[in-house]
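The lines below spell out each chain.
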Amino acid sequence: MEIEKKFLVRQLPDDLETYEHSQIEQGYLNEKPVIRIRKMEDEYWFTYKAKVDAAGKDPVCVSREAELPLTKEAYEHLRGKIDGCLIEKTRYRIGCGPYTIELDVFHGTYEGMILAEVEFPTEQEAQAFVPPDWFGENVSGDYRYSNASLALSGHVI
């Protein structure tokens with residue numbers, strides 16, 4: 001189970017390059033359920049995600065998720081079959097108390113877009129989370145900001 005909140009970002013943290021980061025590209029083969037391929041550095045993944053209704057008032061994304069490793073050859077074969085555009089981004093991992101902020105700085109089609117995601121072990125912790133000051137609007141409930149929607153629509157929000 002994946003429980004997360006997603007936010008727009010008002011301002012990048014200082015010394016961004018000092019944080020651990022990875023280059024990611026991902027494409028989508030299906031939207032509902034989400035079937036995604038991802039390259040993160042030299043690792044390749046096939047992911048299945050299906051949304052689950054969240055119980056709280058504040059928007060939270062809850063999904064059943066399964067990830068399986070792919071070979072480079074399988075990834076490249078499937079990459080030619082994606083719908084829409086390839087999502088390209090640098091993901092920074094920033095500690096925030098007991099949580100990790102995954103800060104995505106987009107390139108290519110979505111150059112300039114910046115989103116932050118935080119995963120939680122429970123919906124209660126997600127509901128209680130107080131974001132740092134540099135976070136903007138909570139867009140967890142806005143499907144337009146999902147990577148699948150971005151890839152398949154191919155236009156900036």
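Cut-offs used in this document
- Residues numbered from 1 in each chain as written.
- Predicted model: local features only at pLDDT ≥ 70, side-chain atom pairs only at ≥ 80, totals over all residues.
- Heavy atoms only, no water.
- Helix = DSSP H or I, 4+ residues; strand = E, 2+ residues; numbered from the N terminus.
- Rg over C-alpha atoms; globule rule 2.2 N^0.38 Å.
- Buried < 20%, exposed > 50% of the residue type's maximum accessible area, 1.4 Å probe, protein only.
- Contact = heavy atoms within 4.5 Å.
- Areas by Shrake-Rupley, 256 points an atom, 1.4 Å probe, with all protein chains shown as cover.
- Lys, Arg positive; Asp, Glu negative; His and termini not counted.
- Charge placed at Lys NZ, Arg CZ, Asp CG, Glu CD.
- Polar contact = N/O pair within 3.5 Å; in protein donor to acceptor, adjacent residues only side chain to side chain.
- Core = buried A, V, L, I, M, F, W, Y, C linked by side-chain atoms within 4.5 Å.
- 1 Å grid on protein atoms, 1.4 Å probe; cavity = no way out; pocket = protein on both sides within 12 Å on 5 of 7 lines; lining within 4 Å.
- Points joined across faces, edges and corners; volume = space filled by probe spheres on them.
- Nonpolar A, V, L, I, M, F, W, Y, C, P; charged D, E, K, R; others polar.

## Focus: the overall build of the protein
Tallying secondary structure elements over the protein gives 3 helices and 9 strands in all. Overall, the protein shows an N-to-C arrangement of helices and strands of β-β-β-β-β-α-β-β-β-α-β-α. Over its C-alpha atoms the protein spans a radius of gyration of 15 Å, differing by no more than 12% from the 15 Å that the globule rule assigns to 157 residues. If you line up the protein on its principal axes, its C-alpha atoms span 40 × 35 × 30 Å. When the 157 residues of the protein are sorted by exposure, 45% land in the buried category. Pairs at least 24 apart in sequence give 61% of the contacts found in the protein among residues at least 6 apart. Surface summary for the protein: the accessible area is close to 8,500 Å², and the carbon and sulfur share equals 49%. Side chains of the protein carry 18 positive and 29 negative charges; the gap between the two charge centres is 5 Å.

## Concerning unusual backbone geometry
Looking along the chain, the bond that leaves Lys32 and enters Pro33 is cis, with omega of 0°. Looking at the element boundaries, Pro33 is found in the loop between strand E2 (20-30) and strand E3 (34-40). The phi dihedral of Asp15 falls on the positive side, at around 55°, and the residue is not glycine. Among the secondary structure elements, Asp15 is positioned in the loop between strand E1 (2-9) and E2.

## Considering the side chain of Ser140
Position of Ser140 relative to the elements: it lies in the loop between strand E9 (135-138) and helix H3 (147-153). The buried category is assigned to Ser140, whose relative accessible area is 8%. At 2.7 Å, the side chain of Ser140 forms a polar contact with the backbone nitrogen of Lys6. There is a polar contact of 2.7 Å between the side chain of Ser140 and the side chain of Asn138. If sequence neighbours within four positions are ignored, Ser140 has contacts with Glu4, Lys5, Lys6, Pro59, Val60 and Cys61.

## Remarks on the side chain of Lys49
Inspection of the secondary structure assignment puts Lys49 in strand E4 (residues 43-52). Within polar-contact distance, the side chain of Lys49 engages the side chain of Glu2 at 2.9 Å. Contact partners of Lys49, with chain neighbours within four places excluded, come to Glu2, Pro33, Val34, Arg36, Arg64 and Glu65.

## Some points on the nonpolar core
Ranked by internal contacts, the top residues of the largest apolar core, which has 20 residues, are Ile101, Leu103, Val118, Phe120, Phe129, Trp134 and Phe135. Those elements that place two or more of their residues in this core are E1, strand E6 (83-96), strand E7 (99-107) and strand E8 (114-120). Beyond its immediate stretch of four places on either side in the chain, Phe135 contacts Phe7, Leu8, Arg10, Ile101, Ala116, Val118 and Phe129. Counting residues in each nonpolar core, the second largest holds 13 residues, with Tyr28, Val34, Leu150 and Ala151 among its members.

## Things to note about the layout of surface pockets
Empty space among the atoms can be located by rolling a probe the size of a water molecule over them. Reported here for the largest pocket is a volume of approximately 720 Å³. What lines the largest pocket is a set of 39 residues, and nearest its centre among them are Glu2, Glu4, Lys49, Lys51 and Ser63. Those elements that provide at least two residues to the lining of the largest pocket are E1, E3, E4, strand E5 (61-69), E6, E8 and H3. The class makeup of the residues in the lining of the largest pocket is 16 nonpolar, 5 polar and 18 charged.

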